[in-house]
Each structure stands twice: as C-alpha cells, then as structure tokens.
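# Geometric and topological summary
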2 protein chains.
Amino acid sequence: MYDRIKGFRDFYPGEMAARRATIDTLEDTARGYGFREIGTPALERAEMWTDKSGDDIVEELYSFEDQGGRHVTLTPELTPTVARMVVAKQQELSKPIKWFSTRPFWRYEQVQQGRQREFYQTNVDIFGSSEPEADAEILAWAADALTNLGLTDEHFEFRISHRDILGGVLETYDADVDIDDAIRAVDKSDKLSTAEYHDLLIGAGLTSEQAVEFDDLVAGGDLEAVRAFADTDRVDAAVDNLQHVLEAADDFGAREYCTISLETARGLDYYTGVVFECFDSAGEVSRSIFGGGRYDDLIESFGGQPTPAVGVAPGHATLALLCQRAGVWPDEEVTTDYYVLQIGDTRTEAARITRELRERGHVVETDVAGRSFGSQLNYADSINAETVVIAGEQDLANDEVTIKDMNSGDQMQVPVEEFPGEYERPTFADFDS
Amino acid sequence: MYDRIKGFRDFYPGEMAARRATIDTLEDTARGYGFREIGTPALERAEMWTDKSGDDIVEELYSFEDQGGRHVTLTPELTPTVARMVVAKQQELSKPIKWFSTRPFWRYEQVQQGRQREFYQTNVDIFGSSEPEADAEILAWAADALTNLGLTDEHFEFRISHRDILGGVLETYDADVDIDDAIRAVDKSDKLSTAEYHDLLIGAGLTSEQAVEFDDLVAGGDLEAVRAFADTDRVDAAVDNLQHVLEAADDFGAREYCTISLETARGLDYYTGVVFECFDSAGEVSRSIFGGGRYDDLIESFGGQPTPAVGVAPGHATLALLCQRAGVWPDEEVTTDYYVLQIGDTRTEAARITRELRERGHVVETDVAGRSFGSQLNYADSINAETVVIAGEQDLANDEVTIKDMNSGDQMQVPVEEFPGEYERPTFADFDS
C-alpha cells in the first residue's frame, strides 16, 4: 500500500547482520586507535552548505523550511557538523581531538549501483595536529579497518597525493589559469578521454602544449621530477610533507597500501594538504571506494581558532561492493545458538532453560506463538538454530529433555538438571559418549 | 558561527560513551532473545501518517516536498515503517518475525527535559503471534534490558492493562459515549485534577454519576470487579488475556515488575490489546519512561494479510533520566588502556609497541602531534590512560622502556623486548616485583 521512497533502502535481518559486522569492524578498529564516538544531528541549518557552495547546492540537498521558519537540511556529510562541534567547545577539548561516528547522510542525486540517496558512512577525524603523523594515523586506521574486514593489498590501494602539488605546479603557469577548475579537471580525468581532459585543462587557462606537459608530469607521479619542474617553495613543502606522511605511514604499518598518484585531487574544495582515495586494486569497482585528506582551514572558516584537521569517511555501500568483489563480505544470514521447543504444557520448564541459556550469553528463542512441533522445527531451521532443546511433556515426566543437533540431525535424551547445568555452551557433542 | 538547531543535540565523547553502553545493553539483550536487527529509512511518504491521523499531524512532523515532488517526512516513529516492511515481504518472512533497531526519530514539538525534537529509541517488535507469550516476551525483554542496566524493581515498574477493558467497560454505557475520547481522557488522567478528568469523561458522553463510578472502577484495578461490572464477552476476553499474559510473564521472569493499572491506555490509536507503560517507581521522573503494547490491526490496515503484532520502544532520553535518578548511568568519560609517549626520535619503536598492544585488543594512543613530554603526559591524563609507556631515546639505547601507572604515579624501566612481549595486557604490576 505504501512504497519506499526512491534511493532509500530497507535492510532486512540477513543483510543487516552483514552490515553490522562490517560497521563493528570499522568502529572497533577506530576504538583501538583511541578515536571516540560522537553523536550528531540529522538536521543542520542549510546555510552551513549554501554559504560556502552557493544556493545551487540546495538542488542536491534535502533542504526545507521547518515549522519555526528555519532553513534546514538533512546533512549530506559530517565534516561541517564536526567543525561546528569543535568550534563550540574549542577551549575545553584537549587536542588532538580524535572522533568517529557511523550514521546515514542524504543527498538528492541520481541513484545507481553503490549510490543511494540515503547512505551510511563511518567518519574518522583528527583535529589539532598538523604533523604528518596525524595524516599517517588516518591512513593506518583505514588500512587496519580494511584488513580487519579480510581485505588485503590484492584488493585495495590508497592513491595518495598532496593538494599543493597540483596547485603549486599550476601556479607556475600564467596567472590567468583557474587553478580550482584545473584541479577539478584532474579529479575527473580518469573518467575522461585524453582529449576531453586536455580540453578541460585548456578551458581552465592552459595552452594545449602546457596541457600535454602537465598531464605527462602528473601521470608520471615522480615526486622529484615534480619538485624540479616547479622549483617553488610551495611545491617543495608539499613534496616534503607527502614524503613525511609516507615515512610515518611506514612506521604505522600503512605504507604498503599507498601508491603515489598525483591525479588524486578529491572533489571537495576544503582539502588543503595530503589527499587520498581508496580504489579496488582489480578495478572491478570503478569508482573510488572512499576518500579523505587534510582540511586545515575549515575550522577557522567556521569562526574557530585555526585548527588543522585530517579525516576519512568510508561509505558502506561502496565498501560492501569491494568486500563482495573480494569474497570477504559476511554471510547475509541470521544465526541462533538454541531453539527451545515446547510440546504440550511445558512452558515453565522451557522458559527456565531459555533464561539460563540466555544468562550464559547465548542467542536463544523459544515458542511464543503456540505452534505445533513441526512448525517449531521449521522455524528453528529458518533461524539457523545450532541446537534444538525439546521440552516434551513425556520427557519431562522422566526428568529429561531431548537435545537435537540441527546440523547432523542427531538427537538424544539428557537429564533435565544437566541442561544447561554446569555447561557454558552445552551441545549434542557434550552428551554423545 | 553556526548554531545547532533547537531540539537537536550534539553528543560529545564522554556522554556518547555512556549512551553507547546503554544502547549496547538494550541491543545485546534483544539479540539474546533472538530479535534481529533491521535498518530503516529516515524518510517516508508523509501519507503514512496523514492518511490515518489527518493532515493536522503535519504540524508535529518535519515534512516537506522533496525535489521529485514527493510529500515526505522525517519519520516520527518506527511502527508504520516496520509494518510496511512486513507487508513488502510477508510471503518470505518466517513467523514470528522478531526485529529490533536503535535510531533517531523526529517530531516538531515543545522542547523540555527528556524530550528533544530529535530523539533515539530502541524499537523491539514481534509480528505473527497473537499468543500471550508474545506480549510476555516483550515485557521480559524490557525487564531484562532494564535490569541489565543495573535497575531493579525499586527503580521501575510496568503498569499494564488491556485496551479492551476500558473500551469494553465504556461500551456498557450509552451508545453516544465517544469511547476513543474517554480513553484519551484516561490516558491523561494522571496529569489532571479529578474535576478536570471527570469533565473530560462527561465531555465524552458519560453522566457525572457515571464518570465517578467509572473513575472508581478503573482506579480500583480489580480485574474480577471489572469483569463483574461489565459482564460482557469482550471484557471477559480482555481480562482473560491480560491474566494469561501475566502468567506467561511469570514464567519469563517479568511478572514481578508488572502492576495492573487500568488507567494505562497509551495515547496511540493503533493499540488493540495489552498495553503497558514503564514508570519510575519513585515517581521522580514524572512522565512514563516508555510504553508498548499489542497492535493487531496495523499490518492489515497497511494492505497486508492480518498479522498480530506487539512491541515496545524505550526512548533513550527518558531512560537516561531514570538511570541517572537511580545512580546506574555509566560514567560519562572516555577510557584508554595505554598511551605510548615518545621522547626524541622514537616513533618507529613507539609505533611497534602501539601496534602490538592494539593487536591484543587494547585502546592505545601515541603521539601524532609532535608534542613535548609534559603535553603528552597531560593528554594521557585527559583521556584517562591507565598505563603510559614512555619510549625515550636514552631508555631505548639501553633496550628499555619506562612503564608508568597513571593511577599511582609509580614507574619503572623494563626490557623493551618484554613490552608487550608475551603479556596479554601488561601493566606496572606485572613488572613490580
């Protein structure tokens, strides 16, 4: 009767279990690094985006006027919100501030594979350090999170660069070159033909010879060649910084996943330093899995004290595509340790067994629907119960219950006082002697 | 520069840690019962609410027209969404369907203590059983969840009734009595004076004598007196059902938390059977902490096959108030197992120790901001680090690190190869012999 809104998804238990396992892995890894969870609002003032990006951005937003006349929007990303939160408590918060959170965001855009209008990200950020170790820690967290999911360097790579390398090289050209336009052209270049790419560069103010030269230099990815070509303090500093980040990443265990890739520019204007994107090494997931980088100016632009920042935000839709491609996506099914089956008026004893097993930390269901033996057994099978404990009137009259191993189908009677008795996790095998 | 929207909250790490611990307890308890997590959209078609409740409800909603011309709303509750999801897959889903989820909802209403415009609930529902065991399992989950938080019967009680008791008693009066209005009056009665309450009942069609009589009967809470007064099949069945639910709740361990309270009516029109509300036993949190009940008609009204349903949805704001009042709210602070402090050029060795400790599952931070010894120690203190491992150039030259117990302030040097070495969780005490 009612349908779901386009671009919004329902997650039923099997798929949700796989998603939850993935989110848990990313978050547990973040906790191990001392990142602290925060909670953030779904709605913010739309001005947080329109002030910076212009009113046109509202076409990509779920924005509206609320009952109190506020121009609000469903947040399309986390970064402005955490910037606002840092500014609000900048005196009290001890630096570096290391935060993470997983939640949905919303953008009104074309729905396609790996891109819905409601999408989940785990945002991980460090505020208050301009040192290369902070960039490297973000890379290390991302690498650890992905390897903890079962991915390896055969499955993913981080393509890394520094925003000032492109900017610094471009500013050695004519002053009329629109550097932001040229960087945006580089960011799109892997989706363009060479001719289209060069046309965009020419549109940004390069001559056609310069476009070819610039393309070659960037595609070469040789940091020392870039340093020599530009021969400016800015490019020197950017190359130095990128090299220092890679050295720290080596200490932190993430260097092996990093490939220098000067095309990597990230679309967002607020990046100021090292930028990186995670790609499927095999190229089967064609878009970047996620990206991140340094954004040292954002907090100040939000009215805060100058506060360097670096972060990354894996999106769970593209991450799922990568994990599925790599064969490490968790099984999309529910699991159950015990089903306690009732035959006749055995609820009291079944409830006792159920409660004792739950107190030992197990997932346990019992009948709450007055079903027949066969229906209960079918249901136990549908929830992948490992062991079925059959509490039948006749068995109980003999102070026994029947234990059924759902994998083998084997079953036997055991004394009711031994179930669960002293056993932490009693199964058929414990009694089969 | 930008402010938070009224009624929306930021959760910084300390408070978030306490919230997360609470949410984990509720969810882990639900998992133990075999409830399965689902994921649901933040936006739905506004018609899901206006069709049933009329257009006036939009004043309480964050509803708007999206870029595609859809009339959508930020969901104010989960139940219509799960009903939609059940209808969409009613053939494939094996019954009973047992689902849970924790997420924010949104209502544009007056902000007050324990009530924000963005609020979090853990929804727990069973679909496909009309048996009293299903109602009892919902009560048992709620009781287990609260006791797992550290609450006891001194802190909370479930006031329980059956929707048909009030309805059935009211229909023994004149046919002109507006039963829904009268039930709404009962639902509000604890916030009204007796005169105001009786006026509402009279407004619903009772005479003033009937209002007094009805008030006495309901306040008495004697199920057999109610059965005798009404003397109808409907009230008989309702009293029987409530008694059966309480018997099942006894088997499931939840009976001791239940008080029969015929005033308990729940405001929502879709309840059809047993209804209950959780209250602070000491009365310090004056509003109900949360409520729940049976809603057997909703799925069918959404175009599905008739499917009985029962559920509950603790709200985390009022639950926090109860836990704080009871003194069981988790400490609002972050915890850290180790801080690995660097003095001089010791990053490589500090990174090795950090990584090995993280691999053992600990929360470990090291310097990523190039800070001095004193700043690092202050930071370690601010994150409540239990142990500081000092990797100093001179110590390392002697193949040693210094272990500092942050609680006592004691410290000693230990061989670097023993840290962490074979220890799962090495502390000062392991070396202090």
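Thresholds, definitions, all that
What you see as residue numbers is a count from 1 along each chain, following the sequence as written. Whichever chain is written first is A, and whichever ligand is written first is 1; the rest continue in order. Local features in this predicted model are restricted to residues whose pLDDT is 70 or higher, and side-chain atom pairs enter the listing and the counts only when it is 80 or higher, whereas totals over whole chains, interfaces and linings include all residues. To obtain the side-chain values, all non-hydrogen atoms of the structure were included, while hydrogens and water were left out. UniProt positions are given in the numbering used here, feature names are shortened, and annotations may be inferred rather than shown by experiment. Numbering of helices and strands runs from the N terminus, with a helix taken as a DSSP run of H or I at least four residues long and a strand as a DSSP run of E at least two residues long. It is over C-alpha atoms that the radius of gyration is taken, and the globule rule equals 2.2 Å times the number of residues to the power 0.38. Buried residues are those whose accessible area, probed at 1.4 Å on protein chains only, stays under 20% of the maximum for their type, while exposed residues exceed 50% and partly exposed ones sit between those limits. Only residues with pLDDT of at least 70 in both copies count here: their C-alpha atoms drive the least-squares fit that superposes the copies. A contact between two residues is defined here by any heavy atoms of the two lying within 4.5 Å. Between N or O atoms, a polar contact is any pair within 3.5 Å; within protein, one atom must be a potential hydrogen donor and the other a potential acceptor, and residues adjacent in sequence are included only when both atoms are from side chains. The pairing criterion is simple: DSSP has to find at least two bridges between the two strands. One speaks of a salt bridge when a side-chain nitrogen belonging to Lys or Arg is within 4 Å of a carboxyl oxygen belonging to Asp or Glu. Orientation is described by axes fitted as lines to C-alpha atoms, over the contacting stretch for helices, and by angles from 0 to 180 degrees between their N-to-C directions. Orientation categories follow fixed angle ranges, with anything under 35 degrees roughly parallel, anything over 145 roughly antiparallel, 65 to 115 roughly perpendicular, and all other angles oblique. Working definition: a ring pair exists when centres of Phe, Tyr or Trp rings (six-membered ring for Trp) sit within 6.5 Å. Plane angles under 30 degrees give stacked, over 60 give edge-to-face, the rest tilted. We call a pair of cysteine sulfur atoms a disulfide whenever their separation is within 2.5 Å. Each domain span listed reflects an automatic or database assignment of domains. Think of it as the arc spanned by the lines of direction from the helix axis to the C-beta atoms.

Identification of chain A as Histidine--tRNA ligase from Natrialba aegyptia DSM 13077 is taken from an unreviewed UniProt entry. Within the UniProt record for chain A, the comment given under Sequence similarities (unreviewed entry) is "Belongs to the class-II aminoacyl-tRNA synthetase family." According to the UniProt record, the Catalytic activity (unreviewed entry) comment for chain A reads "tRNA(His) + L-histidine + ATP = L-histidyl-tRNA(His) + AMP + diphosphate + H(+)".

### Here's the deal with the overall build of chain A
Within chain A, the regular secondary structure consists of 16 helices and 16 strands. The C-alpha radius of gyration computed for chain A amounts to 28 Å, which surpasses the reference 22 Å derived for 433 residues by more than 25%, pointing to a less compact arrangement than a globule. Along the three orthogonal principal directions, the C-alpha set of chain A runs to about 95 × 55 × 45 Å. For chain A, the residues scored as buried account for 58% of the 433 residues in total.

### Concerning unusual backbone geometry
Cis geometry marks the peptide bond from Phe419(A) to Pro420(A), where omega comes out at 0°. Within the element layout of this structure, Pro420(A) appears in the loop between β16 (411-415) and α16 (428-431). Although it is not a glycine, Asn384(A) adopts a positive phi angle of roughly 55°. Here Asn384(A) shows up in the loop between α14 (373-382) and β14 (385-392). Positive phi, normally seen in glycine, also occurs at Asp231(B), with a value near 55°. Secondary-structure assignment places Asp231(B) in the loop between α9 (223-230) and α10 (233-251). A relative accessible area of 64% places Asp231(B) in the exposed class.

### Focus: the relation of the copies chain A and chain B
In screw terms, the move from chain A to chain B is a rotation of 180° and a rise of 0.0 Å along the axis, fitting with an RMSD of 0.1 Å. On this basis, the relationship between the two copies can be described by a two-fold rotation axis. Minimal C-alpha distance to the rotation axis in chain A is attained by Phe64(A), lying at 3.2 Å. The residues that chain A uses at the interface reappear at the interface of chain B in 100% of cases, marking a shared surface.

### Notes on the side chain of Glu365(A)
Within the element layout of this structure, Glu365(A) appears in strand β13 (residues 364-366). In terms of polar contacts, Glu365(A) uses its side chain to reach the side chain of Tyr379(A), at 2.7 Å. Leaving out residues up to four positions away in the same chain, Glu365(A) has contacts with Tyr338(A), Tyr339(A), Val340(A), Arg358(A), Tyr379(A), Ile383(A), Tyr33(B), Gly34(B), Arg36(B) and Lys98(B).

### Focus: the pairing of strand β14 (residues 385-392) of chain B
If a strand is regular, its side chains alternate between the two faces of the sheet. Residue and element names in this part refer to chain B. β14 sits mainly inside the fold: seven of its eight residues count as buried. Bridge count between strand β12 (residues 336-343) and β14: seven bridges; the pairing is parallel. If you follow tyrosine 339 over to β14, its bridge partner there is valine 388. By the bridge criterion, four bridges tie β14 to strand β15 (residues 400-405) in an arrangement that is antiparallel. The residue of β15 that forms the bridge with valine 388 is lysine 404.

### Considerations on the interface of chain A and chain B
Listed per partner, the contact involves 92 residues of chain A and 92 residues of chain B. In this assembly, chain A and chain B are joined by 16 salt bridges. We note a salt bridge from Glu133(B) to Arg347(A), for which the minimum N-O separation is 2.8 Å. The tally of links from chain A across to chain B stands at 50 residue pairs in polar contact (both at pLDDT 80 or more).

### Quick word on the packing of helix α13 (residues 347-359) of chain A against α10(B)
It is the contact of α13(A) with α10(B), at a shortest axis distance of 8 Å, that shows an interaxial angle of 45°. Accordingly, the angle class assigned to the pair α13(A) and α10(B) is oblique. On the side of α13(A), the interface is formed by Arg347(A), Thr348(A), Ala351(A) and Arg355(A), while α10(B) contributes Glu247(B), Ala248(B), Asp250(B) and Asp251(B).

### A short note on the packing of aromatic side chains
Each aromatic ring pair is summarised here by two numbers: the centre-to-centre distance and the angle between the ring planes. Under the criterion given, the structure shown has 46 aromatic pairs over all chains. Relative to Phe35(B), the ring of Tyr33(B) lies with its centre 6.3 Å away and its plane at 35°, an arrangement referred to as tilted. Each of the two residues, Tyr33(B) as well as Phe35(B), counts as buried. Counting every residue linked through ring pairs, the aromatic cluster contains Phe8(A), Tyr62(A), Phe64(A), Tyr108(A), Phe8(B), Tyr62(B), Phe64(B) and Tyr108(B).

### Quick look at the sheet that holds strand β4 (residues 71-74) of chain B
Sheet strands pair via backbone hydrogen bonds, and the direction of the pair is either parallel or antiparallel. Residue and element names in this part refer to chain B. If you trace the three strands from one edge of the open sheet to the other, you get β2-β4-β3, paired in antiparallel fashion. On the outer flanks of this sheet lie β2 (43-45) and β3 (62-65), each paired with one strand and no other. Within this sheet the neighbouring strands show an average axis-to-axis angle of 35°, counted without direction. In this sheet, β4 lies alongside β2 in antiparallel orientation, the contact comprising three bridges. In the strand pairing of β4, glutamate 44 is matched with threonine 73.

### A look at the environment of Val414(B)
Residue and element names in this part refer to chain B. Tracing the chain through its elements places valine 414 in strand β16 (residues 411-415). Residue valine 414 is classed as buried on the basis of its relative accessible area, which comes to 1%. Non-local contacts of valine 414, meaning those with residues more than four positions away in its chain, are made with Asp399, Glu400, Val401, Ile403, Phe419 and Phe431.

### A few points about the state of the cysteines
Linking two cysteines covalently through their sulfur atoms gives a disulfide. Residues and elements named next belong to chain B. By the definition in use, this model includes zero disulfides over all chains. Unpaired in terms of disulfides, cysteine 278 finds its nearest cysteine sulfur in cysteine 323, a separation of 9.7 Å. With relative accessibility at 0%, the residue cysteine 278 sits in the buried group.

### Comments concerning the domain arrangement of chain A
Each domain of chain A was delimited in the assignment, giving domain 1 (13-40 + 75-326) and domain 2 (336-431). Relative to domain 2 of chain A, the C-alpha centre of domain 1 of chain A lies at a distance of 52 Å.

### Observations concerning α14(A)
For α14(A), the set of buried residues is Gln376(A), Leu377(A), Tyr379(A) and Ala380(A). Looking down the long axis of α14(A), one finds its buried residues gathered within 160° of arc, a one-sided arrangement. Facing away from the buried side of α14(A), by more than 90 degrees, are the exposed residues Asn378(A) and Asp381(A). Residues of α14(A) that are buried sit in contact with β12 (336-343), β13, β14 and β15 (400-405) of chain A together with β5 (97-106) of chain B. Phi for Asn384(A), located one or two positions after α14(A), is positive at around 55°.

### Some remarks on the sheet that holds β16(A)
Residues and elements named next belong to chain A. Strand order in the open sheet formed by five strands is β13-β12-β14-β15-β16, with mixed pairing between adjacent strands. In this open sheet, the two strands that pair with only one neighbour each are β13 and β16. Taking each pair of neighbouring strands and ignoring which way they run, the sheet shows an average axis angle of 25°. Taken together, the three bridges between β12 and β13 define a ladder with parallel strand orientation. Each bridged residue has a counterpart across the sheet, and for tyrosine 338 the counterpart in β13 is valine 364. Strand contacts of α13: β12, β13, β14 and β15, with the helix running at about 170° to β12, the strand carrying the most contacts. Strand contacts of α14: β12, β13, β14 and β15, with the helix running at about 175° to β12, the strand carrying the most contacts.

### Concerning the UniProt feature "binding site: L-histidine" (unreviewed entry) in chain A
Residues and elements named next belong to chain A. Following the UniProt record, the feature "binding site: L-histidine" (unreviewed entry) maps to Glu77, Leu78, Thr79, Arg107, Gln121, Asp125, Arg266, Tyr270 and Tyr271 here. With respect to the helices, strands and loops of the structure, leucine 78 is situated in the loop between β4 (71-74) and α3 (79-88). The buried category is assigned to leucine 78, whose relative accessible area is 2%. Among all residues touching leucine 78, those that are not within four sequence positions of it are Thr40, Ser101, Arg103, Phe105 and Asn123. Structurally, the position occupied by tyrosine 270 is in the loop between β8 (258-260) and β9 (274-280). Other than its neighbours up to four places away in sequence, tyrosine 270 contacts Lys52, Glu77, Thr79, Arg294, Tyr295 and Leu298.

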